[in-house]
Amino acid sequence: MSELLMRLGWTSVQSAVLVALVWGVCRLLPQLPSATRCRLWWLVAAQAVLGLFWSSPLELAVLPAPAALTAPTAPVTALPAFDAAVQAAPVIHAASAAETATMAVSWPSLLLALWAAGVLLMLVHSLRGYRASRALVRGATECTDAGLQQALQLAAEAHGLRRAPRLKLSAQIRSPQLIGPWRPVLLLPARELPAMSADDLDMALTHELIHLQRRDLWWGLLPALSQHLFFFHPLVHLAAREYALAREEACDGAVVAGHGHCRHGYGRLLVQLGVAPRPAVGVASASPNLRSLKRRLLTLQQTRSFPRVASLAITALFVVVGVAPLRLVAAPPPPALPAPTAPNVPTPLPARAPRPAPAPVPAPEPMPAPEPMPAPEPMPAPEPPAAPAAPRAPEPPKDLDDGMSFVTHGKLNIRQQPAQAFVLMGQDDNFVDASVADLKQARRDAGGDEPALWVRRGQARYLIRDPAVLSQLSRSQSDVAALGNAQAELGNRQAAIGQQLAKVSMQVTADALAAVDVAAVVNHATRQVGLDAAAEANQAARQSRAAAAGASQAAREARTAAAKAVDARQITLVAREQAELGREQARLAQQQSLASARAVREVRTAIDQALASGKAQRLRD
């Protein structure tokens, strides 16, 4: 019931906006072809019918996000300061429980009954018109003029029709009429037919055959249906009337454009046919009122052409933008930031061992070859810095009353107490739209671990334990909880990747410090060799040792550069994975926001039904 009324409301608003847009386009572009205007007004009727029967409209998140704090996955822990502030804050007293329940039951039922009664009256009126049209067809006589029958058959074949409609004569009409989409019958006025010239009769028959060629009797059923369903909406009736008038103007234009008839002669025929009421399930050559006749005559005077591509583009734009049912919803709230924690102080780097002094080079003898210089002792690699201490896992949340652990999803209002609230308690988690005080009261009233739905309307409290109601809401609650758990798992993975990234970065820093120490040792050894090799006899030995030291240093630098390249690539891969997890978590947050909004609507609908059917138990203090 509530969903049907909501669809009627949103569709009525969207129809009003679409009517305004179509009317504005028709006023700004007076040279727009009648066929295009006919399609645009038909799209208004299509939007109205689709908006009522489409089960899931497209939601546009353009409304401001709610100001209440959202706790999608974080467990709720009782806070003494907030608890005292909420209990001390004044509570806005709403209507009594009896008045609230009466309003919830009476107003939707009354509105739905009025809408059903209006649709029924419109249906009765249409059935009367249909019976009158069928009676008019039954009272008509078959046309026995063989020449007229042959002319009608030739005209039907010229318009691509497989067979011509049945031709009858009626003394109760004054203009040609085409009745019935299933078995169309073309009625001609028996009194005015002898006075009509051959050209006038040809134009009148061509007008009706164009209606049959365009399948206007079938396409017109949708605007008629929209008028029945939205009998209370004046703009929907306006769109249906404009569609019918544009349809007649399109047929008039086709008659004078494709069959060689002059506009002056066709206009004189429209004036001669005059004004006649339109049949219930058919079309007539005559205009339904003087305003329509005037507009048809003015449209015949327009001779300027309009680009066909522009007409198709305008129609496609309205199909894409205006036909699909839309619904404005609140924008998803930004994800709540985690509570700040004390920063972890990393373990200081261990002191490096002192570098041993290189062994002195013995003095060279005059004649024999100099002894090779002993290689310097390798420096001990500094120990890698200890990884920062992992953050302490938060203690499991305690229940507000009995010390039991639970996780709460939904909307938790900490600053103030709303006029209405609910707490859907499951075995593993809760789904709420309430304050902290309501959450505490719900846990006290439930008094156990069994699933229950706690409701507060003003000062009245209710408890719903009906298995059918709880089973209906368990799926939505499970979807919200699953999305919350998925976000928590992504958060844990991001924390682990962050620790890995910090460890790799510290390892790269340690390797750089070790490379600096090795380079210093090599430079010191080279300087010592240069001082001790002053004699000309040791010139060749000094050059060979310098070359060997340079080659060793180059090899060490190459290995260090390769290790740095591997570490940098590893850091890049880890950072890329962390960014992917961040995007995935944002997507899950948006999905959870939409799922929470949908679950809140389902819970409120179930609450209204439970209060109306007496399944809710009234709690006493």
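Heads up: the structure comes first, above all this text.
Conventions used here
Residues numbered from 1 in each chain as written. Predicted model: local features only at pLDDT ≥ 70, side-chain atom pairs only at ≥ 80, totals over all residues. Heavy atoms only, no water. Core = buried A, V, L, I, M, F, W, Y, C linked by side-chain atoms within 4.5 Å. Buried < 20%, exposed > 50% of the residue type's maximum accessible area, 1.4 Å probe, protein only. Helix = DSSP H or I, 4+ residues; strand = E, 2+ residues; numbered from the N terminus. Contact = heavy atoms within 4.5 Å. Patch = residues over 30% accessible without salt bridge, like charges linked within 9 Å, V, L, I, M, F, W, Y side chains within 5 Å. Areas by Shrake-Rupley, 256 points an atom, 1.4 Å probe, with all protein chains shown as cover. Salt bridge = Lys/Arg side-chain N within 4 Å of Asp/Glu carboxyl O. Lys, Arg positive; Asp, Glu negative; His and termini not counted. Charge placed at Lys NZ, Arg CZ, Asp CG, Glu CD. Polar contact = N/O pair within 3.5 Å; in protein donor to acceptor, adjacent residues only side chain to side chain. Expected span 1.5 Å × (residues − 1).

**Focus: the nonpolar core**
So, point 1. If you look at the biggest cluster of nonpolar residues, it comprises 32 residues, and the most contacted ones within it are Leu 148, Leu 167, Tyr 266 and Leu 269.
So, point 2. Among the elements of the structure, helix 5 (146-158), strand 5 (185-189), helix 6 (198-213), helix 9 (234-258), helix 10 (263-273) and helix 11 (290-300) are those that each provide at least two residues to this core.
So, point 3. When residues of this core are assigned to their parent elements, the largest contribution, 7 residues, is made by helix 6.
So, point 4. When near neighbours in sequence (up to four residues on either side) are disregarded, Tyr 266 contacts Met 203, His 207, Asp 252, Val 255, Val 256, Arg 296 and Leu 300.
So, point 5. One finds Leu 473, Val 480, Leu 483 and Leu 581 within the second-largest nonpolar core, a separate group that totals 26 residues.

**Let's talk about a positive patch on the surface**
So, point 1. A cluster of basic residues, Arg 162, Arg 163, Arg 183 and Arg 215, forms a positive patch at the surface.
So, point 2. Along the polypeptide, Arg 163 turns up in the loop between helix 5 and strand 3 (166-170).
So, point 3. Arg 163 gets classed as exposed once you look at its relative accessible area, which sits at 69%.

**Here we look at a nonpolar patch on the surface**
So, point 1. A surface patch of nonpolar side chains, about 420 Å² in accessible area, is lined by Trp 107, Leu 110, Leu 111 and Leu 114.
So, point 2. Within the secondary structure layout, Leu 114 lies in helix 4 (residues 97-139).

**Quick notes on the side chain of His 233**
So, point 1. Among the secondary structure elements, His 233 is positioned in the loop between helix 8 (221-229) and helix 9.
So, point 2. A distance of 2.9 Å separates a polar side-chain atom of His 233 from the backbone oxygen of Ser 12.
So, point 3. Not counting chain neighbours up to four residues away, the residues in contact with His 233 comprise Ser 12, Ser 15 and Ala 16.

**A few points about helix 6**
So, point 1. The terminal C-alpha atoms of helix 6 lie 22 Å apart, and with 16 residues this matches the ideal 22 Å at 1.5 Å per residue to within 8%.
So, point 2. Within helix 6, the full set of buried residues consists of Asp 200, Leu 201, Met 203, Ala 204, Leu 205, Thr 206, His 207, Glu 208, Leu 209, Ile 210, His 211 and Leu 212.
So, point 3. Backbone geometry just downstream of helix 6 places Arg 215 in the positive-phi region, at approximately 55 degrees.

**Quick notes on helix 12 (residues 308-323)**
So, point 1. Between its terminal C-alpha atoms helix 12 stretches 22 Å, which fits the 22 Å expected from 16 residues at 1.5 Å a residue.
So, point 2. Tucked into the core, helix 12 has its buried residues touching helix 1 (2-28) and helix 2 (34-53).

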